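Structural description and commentary
Residues per chain, in single letters:
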Amino acid sequence: MTTTESTWQPYAARLAEQLVEAGDIHDPVWAKAVAETPRHLLVPVSYRQRPDGSWEQLDDDFDLAYSPTTLVTALEDGVAISSSTKPDLMARMLETLDVRDGHRVLEIGTGTGYNAALLAHRLGDDRVYSVDVDPGLVEPARERLASFGIHPHLATRDGATGWAEFAPFDRIIATCSVQRIPWSWAEQLTTDGLLLADLKLGPGAGNLAMLHRSDDRLEGRFTGRWAAFMDLRQPEHAETPTPCQPQASLVRRRMTSAPAQPWNTHREVWMLASLALPANLTRGFRLNATTRAPEASMLSAPDGSWCEVDLSTAQVREGGPTRLWEQVEEAHTRWLQMGEPRWERFGLTVTPDQHRLWVDSPAQEVTELN
Ligand SMILES: C[S@@+](CC[C@H](N)C(=O)[O-])C[C@H]1O[C@@H](n2cnc3c(N)ncnc32)[C@H](O)[C@@H]1O
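Cut-off values and rules
Residues numbered from 1 in each chain as written. Predicted model: local features only at pLDDT ≥ 70, side-chain atom pairs only at ≥ 80, totals over all residues. Heavy atoms only, no water. Core = buried A, V, L, I, M, F, W, Y, C linked by side-chain atoms within 4.5 Å. Buried < 20%, exposed > 50% of the residue type's maximum accessible area, 1.4 Å probe, protein only. Domains from an automatic or database assignment. Contact = heavy atoms within 4.5 Å. 1 Å grid on protein atoms, 1.4 Å probe; cavity = no way out; pocket = protein on both sides within 12 Å on 5 of 7 lines; lining within 4 Å. Points joined across faces, edges and corners; volume = space filled by probe spheres on them. Nonpolar A, V, L, I, M, F, W, Y, C, P; charged D, E, K, R; others polar. Buried area = accessible area lost by both parts, 1.4 Å probe. Salt bridge = Lys/Arg side-chain N within 4 Å of Asp/Glu carboxyl O. Polar contact = N/O pair within 3.5 Å; in protein donor to acceptor, adjacent residues only side chain to side chain. Helix = DSSP H or I, 4+ residues; strand = E, 2+ residues; numbered from the N terminus.

Once that is clear, we can look at the nonpolar core. Core analysis: the biggest nonpolar cluster contains 54 residues, and Ile181, Trp185, Leu218, Trp270, Leu272, Leu299 and Leu348 have the highest contact counts within it. Shared between two domains, this core takes at least three residues from each, and those domains are domain 1 (5–222) and domain 2 (252–337). If we ignore the near neighbours within four places in the chain, the residues touching Trp185 are Ile108, Gly159, Ala160, Gly162, Ile172, Ala174, Val178, Leu195 and Ala197. Ala31, Ala33, Phe62 and Leu89 belong to the second largest nonpolar core, which has 44 residues in total.

The next subject is empty space enclosed by the protein. Any empty space left between atoms is shown by rolling a water-sized probe over those atoms. Evaluation of the coordinates by the stated rule reveals one cavity of 30 Å³ or more. Its boundaries defined by the atoms lining it, the largest cavity holds a volume of some 80 Å³. Val43, Asp59, Asp60, Asp61 and Ala65 are the residues nearest the centre of the largest cavity, which is lined by 13 residues in total. Grouping the amino acids of the lining of the largest cavity by side-chain chemistry returns eight nonpolar, two polar and three charged.

Moving on to the domain arrangement of the chain. Parsing the chain into structural domains produces domain 1 (5–222) and domain 2 (252–337). When each unit is reduced to the centre of its C-alpha atoms, the spacing between domain 1 and domain 2 is 33 Å. Each partner contributes to the interface: domain 1 provides five residues, whereas domain 2 provides six residues. Looking only at domain 1, the three residues that lose the most surface to domain 2 are Leu201, Pro203 and Ala205, adding up to 76% of its buried area. Linking domain 1 to domain 2 there are zero salt bridges. Across the domain 1-domain 2 interface, the total number found is two residue pairs in polar contact (both at pLDDT 80 or more). Taken together, the residues of the side of domain 1 that touches domain 2 break down into three nonpolar, two polar and no charged.

Below, the discussion takes up the environment of Leu211. Along the chain, the position of Leu211 falls in strand β10 (residues 205–213). A residue is classified by how much of its surface remains accessible, and Leu211, at 0% relative accessible area, is buried. C-alpha of Leu211 to C-alpha of Arg221: the two residues are 10 residues apart in sequence and 6.8 Å apart in space.

Pasting the structure below:
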């Protein structure tokens, strides 16, 4: 694939127009950044998962590189460990973060460097700092960015610790999800600085939180449009929990009025349920043996507890020591009692030793996160 500007620029310009038309970009400065950033140079290789779980490598393709699509760019043991986040989400996040001229920004999760390139286009290389835990990603990103004249500050380090040497930052953006906001990020923000990060309370249970730094806390709300990132990894790979197979012994059978797939249809309910469900939960579907269509949603926990909800009859079958589906039902009831709040009514207050989830105002605490 040739990389002359006349070849790729029409594609990048069209992507920028698409994002403006879709309402993902309002600020012309970000439209210009998208139109002038050669994403194909940062994503020379990407992977698509086949229905059987295996991965196919995709050839260089301008249509793909300049589409609002997340591109998986690194695999380890068959699992995606890095991607170039879809440009529409990236642009929305950068606008939400209210990045302004003169700001210094720290990104957690360099990945391909595409987001760092957008930031550098807007702010200048010297104001952009980006870290990734994986040296196999940082060095290629550095070289590819340099190939079109962009030189942000990049480092291989655990993003959970931020980058104290260059703090304070006006903005921090995390492009990997965290279970708790590291207090080091708060410490490395200027007073009145803003932090945008995906807080994940369980599998698929969380959303982007936009938090404002004041003297003693970070505080803010979740964003209205849901988005999820891959997890922040430990520098030494953490043990991946072994999925638990539902046990054959059937203990209970009943009907439910809670949504059968809250992680898809009622994400706020799923977030509330995840506060009570065991850690390392496995979530999935039972497929029809003939049609391969999902028949029942399933949860299983490391203690051997399991449940499945028939998608057509709403019948629950469950077994094991923990009544998993009861937590979903209780969360659903609580959510109905709260007036069915959507994401933007939920907020978060983070102090050095506490995360508090609230609805509508910090005074209306939903729970303290353990
Ligand atoms: C969705 S990708 C980032 C996309 C990137 N911003 C881009 O524009 O291409 C998430 C990245 O987070 C990185 N990551 C995971 N754990 C991390 C950690 N502890 N510290 C820093 N980066 C981490 C992954 O290696 C991965 O590259």
